[in-house]
Each structure stands twice: as structure tokens, then as C-alpha cells.
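Summary of the model geometry
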Amino acid sequence: MATIFVVDDDQALGEMLSLVLENEGFQTVTCLDGLRAVGMFPIVKPDLILLDVMLPGLDGTGVARRIRATSNVPIIMLTAKSDTLDVVAGLEAGADDYVPKPFKVAELLARIHARFRIAKPAAEDGATGGASGGNANVNHLERGPIVIDRLEHTATKDGKDLNLTPMEFELLFMLAAAAGEAISRSSLLKNVWGYENSGDTRLVNVHVQRLRAKVEDDPENPQIVQTVRGIGYKFVTPEQ
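A quick note: this is a predicted structure, and the numbers were derived from the prediction, not measured. (Residues numbered from 1 in each chain as written. Predicted model: local features only at pLDDT ≥ 70, side-chain atom pairs only at ≥ 80, totals over all residues. Heavy atoms only, no water.)

As for the overall build of the chain
So the rule is basically this: Only runs of H or I of at least four residues qualify as helices and only runs of E of at least two qualify as strands under DSSP, and these elements are numbered from the N terminus. Burial here depends on accessible area, computed with a 1.4 Å probe over protein chains only, as a share of the maximum for the residue type. Under 20% is buried, over 50% is exposed, and the range in between is partly exposed. Accessible areas in this description were obtained via Shrake-Rupley with a 1.4 Å probe; residue shielding takes into account the shown protein chains only.
Scanning the chain from terminus to terminus reveals 8 helices and 12 strands. With 240 residues in all, the chain has 50% of them scored as buried. When the accessible area of the chain is evaluated, it comes to approximately 11,400 Å², of which 49% is carbon and sulfur surface.

Digging into helix 7 (residues 185-193)
Definition in use: Note that the arc is computed from the directions linking the helix axis to the C-beta atoms.
Listed as buried for helix 7 are Arg185, Leu188, Leu189, Val192 and Trp193. The buried residues of helix 7 all sit within an arc of 100° when viewed along its axis, so they share a single face. In the stretch just after helix 7, Gly194 is the one whose phi turns positive, near 85°.

Details of helix 6 (residues 166-177)
To be explicit about the condition: Expected span of a helix: the number of residues minus one, times 1.5 Å.
For helix 6, which comprises 12 residues, the first-to-last C-alpha distance of 16 Å matches the rise-based estimate of 16 Å (1.5 Å per residue) to within 8%. For helix 6, the tally of buried residues reaches 12 of 12 residues, placing the bulk of the element in the interior.

Here's the deal with the pairing of strand 2 (residues 27-31)
This is how the line gets drawn: The rule for pairing is simple: two strands pair if DSSP sees at least two bridges between them.
One ladder, built from 5 bridges, connects strand 1 (residues 3-7) with strand 2; its direction is parallel. Each residue of the ladder has a partner; that of Val7, found in strand 2, is Cys31.

A few points about the side chain of Thr28
This is how it is decided: By the criterion applied in these results, polar contacts are pairs of N or O atoms within 3.5 Å in which, for protein atoms, one can donate a hydrogen and the other can accept it, and in which residues neighboring in sequence qualify only through two side-chain atoms. When checking whether two residues touch, look at their non-hydrogen atoms; a contact exists if any pair is within 4.5 Å.
Among the secondary structure elements, Thr28 is positioned in strand 2. What makes Thr28 buried here is its relative accessible area of 14%. Separated by 3.3 Å, the side chains of Thr28 and Ser18 make a polar contact. Of note is the side chain of Thr28, whose polar atom sits 2.7 Å from the side chain of Glu22. Ignoring any residue separated from it by four or fewer positions in sequence, one finds Thr28 in contact with Ile4, Ser18, Leu21 and Glu22.

Some words on the environment of Thr201
Tracing the backbone through its elements, the reader meets Thr201 in helix 8 (residues 201-215). Using a relative accessible area of 36% as the deciding quantity, one classes Thr201 as partly exposed. As a C-alpha pair, Thr201 and Leu188 span 13 residues in sequence and 9.2 Å in three-dimensional space. With near-sequence residues (within four places) excluded, Thr201 lies in contact with Arg185 and Leu189.

What about the sheet that holds strand 11 (residues 225-228)?
Pairing between the strands of a sheet is mediated by backbone hydrogen bonds and can be parallel or antiparallel. Counted only if it meets this: Axis definition: a line fitted to C-alpha atoms, limited for helices to the stretch in contact. Angles are taken between N-to-C directions and run from 0 to 180 degrees.
The 3 strands are arranged 10-12-11 in an open sheet whose pairing can be described as antiparallel. What marks the edges here is a single partner per strand, and that holds for strand 10 (183-184) and strand 11. The sheet contact formed by strand 10 and strand 12 (residues 232-235) spans 2 bridges and is antiparallel. From the neighbouring strand, Ser184 faces strand 12, where its bridge partner is Gly232. With respect to the sheet, helix 6 is in contact with strand 10, strand 11 and strand 12, its orientation differing from that of strand 12 by roughly 70°.

Focus on the pattern of salt bridges
Test applied: A carboxyl oxygen of Asp or Glu within 4 Å of a side-chain nitrogen of Lys or Arg is what we treat as a salt bridge.
By the definition in use, this model includes 11 salt bridges. Among the salt bridges present, the one from Asp97 reaches Arg111, with a minimum N-O distance of 3.5 Å. Taken together, the residues span a long stretch of sequence, with Asp97 in strand 5 (residues 97-100) and Arg111 in helix 5 (residues 105-119) at a distance of 14 residues. The class of Asp97 is buried, set by a relative accessible area of 0%. Look at Arg111 and you get buried, because its relative accessible area is 11%. Notably, a salt bridge pairs Arg111 with Glu107, separated by 2.9 Å at the nearest N-O pair. On the criterion of helical spacing, the pair formed by Arg111 and Glu107 is a turn pair, its members being 4 residues apart in helix 5. A single salt-bridge network, built from bridges that share partners, covers Asp97, Glu107, Arg111 and Arg115.

By themselves these figures say nothing about function.
In C-alpha cells, the structure reads:
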């Protein structure tokens, strides 16, 4: 049974979320304080975190940053603020997605289930091989010095682990599977984040920045994950 760590200073909301999530088959642990949540995290060992932005002790951005320093656990931010700076700060700190308050329970559950699908992709869910590969096994990609195995959930460059979060891994896999082809931000939102309708392109932009910091020799001058102006991004196979 998967455990979801609900970190929110609104006790009534936390209790409501616990009831809803437990009815969905999840185990829940709640916490009202950001600093206390950081201390509880290694004890709880959650499979996913619902993290409020405005918290006493330590705000959600600070909590996400500390947790992300040691763990790739999926994090969904819950925010009453949809201001660009607050959202981007949370994503840059390591959050995978965000849901603005007030939210519909069905929407939140959809986001949670999507994150679990990303964290544990099924063997048959692989993307197609793309223009630059011809790999018979769509779960295993070799793009120059970058090797990605979806079943083992490993991504390496020159034999070194890239230490990607599940979301970064799925983003890299989709781009690499269609190497040389431009992929729109809306397609990435649909296939990586699970957004059926148009979503927030800031999710894509910030995650690409985070991905570049791990795969590029010079993130400020990206050669692998390149921007295609007016469309989105494309993966360019690096030379060995």
C-alpha cells in the first residue's frame, strides 16, 4: 500500500484529504509544520508528498528543496497562490507538479495517479523509437553516451548515473525516443504529466531547465535538449 505524506497547516483540509486518499486505497500521514515534516520524512518514507506552499516553521519551497537533496520522491505542491514566482520557485525547488487551491478532489486524485504511473512505468508503455535510434526495444535507448532503460529506470551519461527524478526521467525518455524531432510543450504536458487538456507550460520549461542541469556539459548553452522556438524542445544525440 502506497503512503502519501500530506503536509498542510490546514488541519481540516488534511483530515479531508486523508479520508479521500484512504478511500482510494492509500495510507496517509499528515503534518502541519514544514520543519517538522523534514524531520518526519525519513521515518514516514512516503511514496508521494502533497506539500502546501504556505507552512509554519519552513515554507513548502524550503521543504521541497531539503527533501529533494536526498530523495526523488514525487512531490505535488498545493498552493493558494498561482503567482508565477511562487509556482516557479516551488518547481525549481524540486516539485513535480502543482495544484492550485481550491481544487476539485477528482483533479487532485488524477494528478496523484498520474505521478504513480510515471514513477512506475509499465513495460508496455514505452514511447516509439523515434528518428534517431531504430531501437527494437523501445524501453531501452542508446543516444550517444546517454543510455536510458525504462524498465530498470536508469539513465546514465558516459556510464555515470544522471540521478533523475521520475518526472525528469520520463521527460528525457520521451525526448530521446523521438531524437531529432521537435515535440511541442502541449504534447509533453499530455504524455509526461498526464494533462488531457492544455496545462501550464511552466511545468515543462522549469523541468527542462532542471534536466539540462544534469545532462548538459554547459546548461547555459544546451546542445542535447534544445529549444525549438515557437514549438517546444528536441533531443539532439550527442557525439561520442
